[in-house]
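Each chain, letter by letter, is given below.
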Amino acid sequence: MVLNRRGVASLAILGAVLAAAFALACGSSDADRFEERWAELGIPEAEFVFLGEFASGEQESVRRELRVAQVVFAEHFGAVSSDFKVYVSTDLEMLNERLTQYGEYEYEYRCGGVAPRRAIFLALGECPEAQEYGPVLAHEYFHMLQYAAGTFSRPIGEVWWTVDGTAAYAQALFNDAQGRRTLAAWRQGKQLAWSAGLVEGPRWAYDYGFLATDWLVERAGAEAVLEFFRLGGHHAAFRSAFGMSPVTFQAMFGSYLAGVAPRYEWRVGGTVLDDDGAPVEGAHVSAVVRIEGEAWMAATGLTDPQGNFEFPAPGSGYRLAFWLQCPGAEDDVQWVRAGEWGEDGFVADADGTWDGLENGAEPFTDGGRDRTGMVIELSETQDSLIAKHCES
């Protein structure tokens, strides 16, 4: 598996890093079972084009991830396709040259995956989310099924989230099937993000869309998802596929979210100092909750010039994680994890990194309440942490 070849992380994907753990390796019997189920589908393998340099076995690993996605989605959604190409590259310049041939993307593609009609483009090694390329590939493959359903447009109005929201739901099924992360854990994590008000901007279609699709599948079944696209992907298609109008859905789903993921009524706040007593400005503070052993960001904020922060948070069951930004260009931001603060005080991070499964401070468990006015002292100065862990 290709890891991030530059070893950097950015604030833009920090939420994903907090929520993501490395994939659990499937046993040989599980891998064999997926291969047997894929053979039973009776379809040809999709055409792959590999660009750049790959480690031994890496190309076959990517192919295998797609076969697993084809099996899982065929069983859930009743559809399968191999009528597309998959471009996989460790060189963004080479990948962008191929992407321009499809004529649908005029911007420079930098990270992760993208899916113009009848093609998937997957970048490895240029960004941290490429560490888990299987889920990214599965997400883009679901877009191929949307295309194959006959109608793939960008819905407008109340249903505009359906393209990426349904693909995010499919990606969660892919993870669940392989023991990477359960659907229930993903649901709970996204509900935390909703409670914190973090579902906004570009994330709306993915996170709100996942929760909405999950709710609709519980009522209409998974096959209704692609039926929506077969029928045209518009308001009338929504009513026919899911048994309710978009307006009715909004009302019912809004009530559901208010019940399972109400906005936080509690606040957390304090002052962050280094071990010399100087305020730490610009530290990224995250309220972190563990779900099935993984850490999820449940709320977030930044310290001001005086080292102060305050934001809505869960009432209990969380700890605070602290990240410091390394000096560098805005498009290549690195972060150092200083440590966590919880019921037992501050616990420093030894290597300045985190894989999502690493244990830290004990969570606050003394009941739901505000936690403000805390004074949190890091184990070192800000300068020493940056000098120790940031790339020069």
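Just so it is clear, the structure is predicted and the values come from calculations on it, not from any experiment.

(A) Broad picture of the sheet that holds strand β5 (residues 266-273). In spatial order, the strands read β8-β5-β12; together these 3 strands make up an open sheet with mixed pairing. The sheet is open, and its two edges are formed by β8 (308-313) and β12 (371-377), each paired on a single side. On average, each strand axis in the sheet is tilted by 25 degrees relative to the strand beside it, whichever way the strands run. Sheet analysis places β5 next to β12, joined by 5 bridges and oriented parallel. Opposite L273, over in β12, you have E377 as the bridge partner.

(B) Focus on the sheet that holds strand β9 (residues 319-325). Pairing within the open sheet is antiparallel, and its 5 strands lie in the order β7-β6-β9-β10-β11. A single partner strand is all that each edge strand has here, and the edge strands are β7 (294-302) and β11 (345-348). Averaged over neighbouring strand pairs, the angle between their axes works out to 30 degrees when direction is ignored. Here 4 bridges tie strand β10 (residues 335-342) to β11, and the two strands are oriented antiparallel to one another. Note that in β11 the partner of G339 across the bridge is A348. Across the sheet, helix α7 (residues 183-196) lies against β6 (284-291) and β7, angled at about 10 degrees from β7, the strand it touches most.

(C) Region of the structure containing the state of the cysteines. Scanning the entire structure with this criterion turns up 1 disulfide. The disulfide bridge from C326 ends at C390, spanning 1.9 Å between sulfur atoms. Torsion about the S-S bond of the C326 and C390 cystine: about -85 degrees, corresponding to left-handed handedness. Note that C326 is positioned in the loop between β9 and β10 and C390 in the segment after α12 (382-389), a separation of 64 residues in sequence. Across the pair, exposure class does not vary: C326 and C390 are buried alike.

(D) The packing of helix α9 (residues 223-230) against helix α10 (residues 235-242), seen in detail. Taken N-terminus to C-terminus, the directions of α9 and α10 make an angle of 150 degrees; their axes are 8 Å apart at the nearest point. Viewed along their axes, α9 and α10 adopt a mutual orientation that is roughly antiparallel. Once α9 is placed against α10, the crossing between them reads as right-handed. Seen from α9, the contacting residues are A224, V225, E227 and F228; seen from α10, they are A237, F238, A241 and F242. Across the contact of α9 with α10, the residue classes tally to 7 nonpolar, no polar and 1 charged.

(E) Highlighting the nonpolar core. Counting 99 residues, the largest nonpolar core has F73, F77, F249 and L320 as the members making the most contacts within it. Per-element tally for this core: the top contributor is helix α5 (residues 133-148), with 9 residues. Residue contacts for F77: discarding those within four places in its chain leaves F142, Y169, A170, L173, A222, E223, V225 and L226. By size, the runner-up hydrophobic cluster in this structure holds 10 residues, among which are V49, L51, L92 and A119.

(F) Representation of the packing of helix α3 (residues 58-77) against helix α6 (residues 162-177) in the model. One can describe the packing of α3 onto α6 by two numbers: an axis separation of 10 Å at closest approach and a directional angle of 110 degrees. Relative to α6, the element α3 lies roughly perpendicular. Residues E65, V68, A69, V72, F73, H76 and F77 of α3 form the contact with α6, whose own contacting residues are Y169, A170, Q171, L173, F174 and A177. Among the residues forming the contact of α3 with α6, the class breakdown is 10 nonpolar, 2 polar and 1 charged.

Calculation rules
Residues numbered from 1 in each chain as written. Predicted model: local features only at pLDDT ≥ 70, side-chain atom pairs only at ≥ 80, totals over all residues. Heavy atoms only, no water. Pairing = 2+ DSSP bridges. Helix = DSSP H or I, 4+ residues; strand = E, 2+ residues; numbered from the N terminus. Axes fitted to C-alpha atoms, helices over the stretch in contact; angles between N-to-C directions. Contact = heavy atoms within 4.5 Å. Disulfide = S-S within 2.5 Å. Buried < 20%, exposed > 50% of the residue type's maximum accessible area, 1.4 Å probe, protein only. Parallel < 35°, antiparallel > 145°, perpendicular 65-115°, else oblique. Left-handed = near helix turned anticlockwise from the far one by under 90°. Nonpolar A, V, L, I, M, F, W, Y, C, P; charged D, E, K, R; others polar. Core = buried A, V, L, I, M, F, W, Y, C linked by side-chain atoms within 4.5 Å.

Just geometry here; none of it tells us what the structure is for.
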